[in-house]
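Structure assessment
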Amino acid sequence: MMGTIRRILLSALAAMLVSASCSVKDEPVRELILVGSRLPEGLGLPSGDVSFIAFFNPSCPDCMAELPIIAELYGTHGTGISFLLVGRDMTAEQTARFLADSGLDMPSAGDPERKVFNAFASSGIPRCYLCREGTVIRIWKDTDFLSEKSFADALNIKHPEP
């Protein structure tokens, strides 16, 4: 696990050197999916009792910082929760290859034309959605970063003590 986290952090550092930003500054974000919204149909999204969808791109430093947290959540909750990492502006193959190269074995999909992402918002990643029975119950975006505690709190489950 530590090797995986190191690879992700090194990838994040490289992405920070290459990329300027995860979203366009001064561009108002249109939020299309809010807490209480139903997930859009016909996009191949997980439909389990509880699902977690995360949009990311390797060129986004904040996304790279969240990937180790998502990996830990998947390791802890992956058997009872449907996880999906969506590579924004990436094909399914690019997304799977990036995750494999980072040592992450998680369900993924590509979104090269932003068809899935644009059903949720107009800009801004990382962006994570926790859903119960197809309804969004928690969104992490902007400076509201994902954590084990906020994830557990959203599901009303006991979280590990630090």
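Quick look at the structure, then. (Residues numbered from 1 in each chain as written. Predicted model: local features only at pLDDT ≥ 70, side-chain atom pairs only at ≥ 80, totals over all residues. Heavy atoms only, no water.)

1. Description of the overall build of the chain
Scanning the chain from terminus to terminus reveals 4 helices and 5 strands. Traced from its N-terminal end to its C-terminal end, the chain shows the element sequence α-β-α-β-α-β-β-β-α. The buried share of the chain, reckoned over its 162 residues, is 43%. Look at the contacts in the chain between residues 6 or more apart in sequence, and 67% of them connect residues 24 or more apart. For the chain, the exposed surface amounts to about 8400 Å²; the carbon and sulfur share of it is 54%. (Helix = DSSP H or I, 4+ residues; strand = E, 2+ residues; numbered from the N terminus. Buried < 20%, exposed > 50% of the residue type's maximum accessible area, 1.4 Å probe, protein only. Contact = heavy atoms within 4.5 Å. Areas by Shrake-Rupley, 256 points an atom, 1.4 Å probe, with all protein chains shown as cover.)

2. Concerning the sheet that holds strand 5 (residues 135–141)
In a beta sheet, neighbouring strands are held together by backbone hydrogen bonds and run either parallel or antiparallel to one another. Reading across the sheet, the 5 strands line up as 3-2-1-4-5 and stay open at both edges, with mixed pairing between neighbours. The open sheet has two edge strands, strand 3 (108–111) and strand 5, and neither has a second partner. The average angle at which neighbouring strand axes cross in this sheet is 20°, direction not considered. In the packing of helix 2 (residues 61–77) onto the sheet, contacts are made with strand 1 (50–56), strand 2 (82–88) and strand 4 (127–132), and the angle to strand 2 comes to roughly 160°. Where helix 3 (residues 92–101) meets the sheet, its contacts fall on strand 1, strand 2 and strand 3, and the angle it forms with strand 3 comes to roughly 135°. (Pairing = 2+ DSSP bridges. Axes fitted to C-alpha atoms, helices over the stretch in contact; angles between N-to-C directions.)

3. Let's talk about the packing of aromatic side chains
On inspection of all chains with the given rule, the structure shows 11 aromatic pairs. Ring plane angle 55° and centroid distance 6.2 Å describe the contact between F52 and W140, whose orientation is recorded as tilted. Taken together, the positions of F52 in strand 1 and W140 in strand 5 put the pair 88 residues apart, joining distant regions of the chain. For the pair F52 and W140, a shared accessibility class is recorded, and that class is buried. Ring centres of F56 and F98 lie 5.9 Å apart, and the angle between their planes is 35°; on these two criteria the pair is classed as tilted. Of the two residues, F56 is situated in strand 1 and F98 in helix 3; the sequence distance between them amounts to 42 residues. Pairwise contacts between aromatic rings join F52, Y74, F83, W140 and F151 into one cluster. Directly above the ring of F117 sits R88, whose terminal nitrogen or CZ lies 4.8 Å from the centroid. (Phe/Tyr/Trp six-rings, centres within 6.5 Å; stacked < 30°, edge-to-face > 60°. Lys NZ or Arg CZ within 6 Å of the ring centre and 35° of its normal.)

4. A word on the environment of K149
Among the secondary structure elements, K149 is positioned in helix 4 (residues 148–155). Judged by relative accessible area, which is 46%, K149 ranks as partly exposed. In terms of polar contacts, K149 uses its side chain to reach the side chain of D153, at 2.7 Å. (Polar contact = N/O pair within 3.5 Å; in protein donor to acceptor, adjacent residues only side chain to side chain.)

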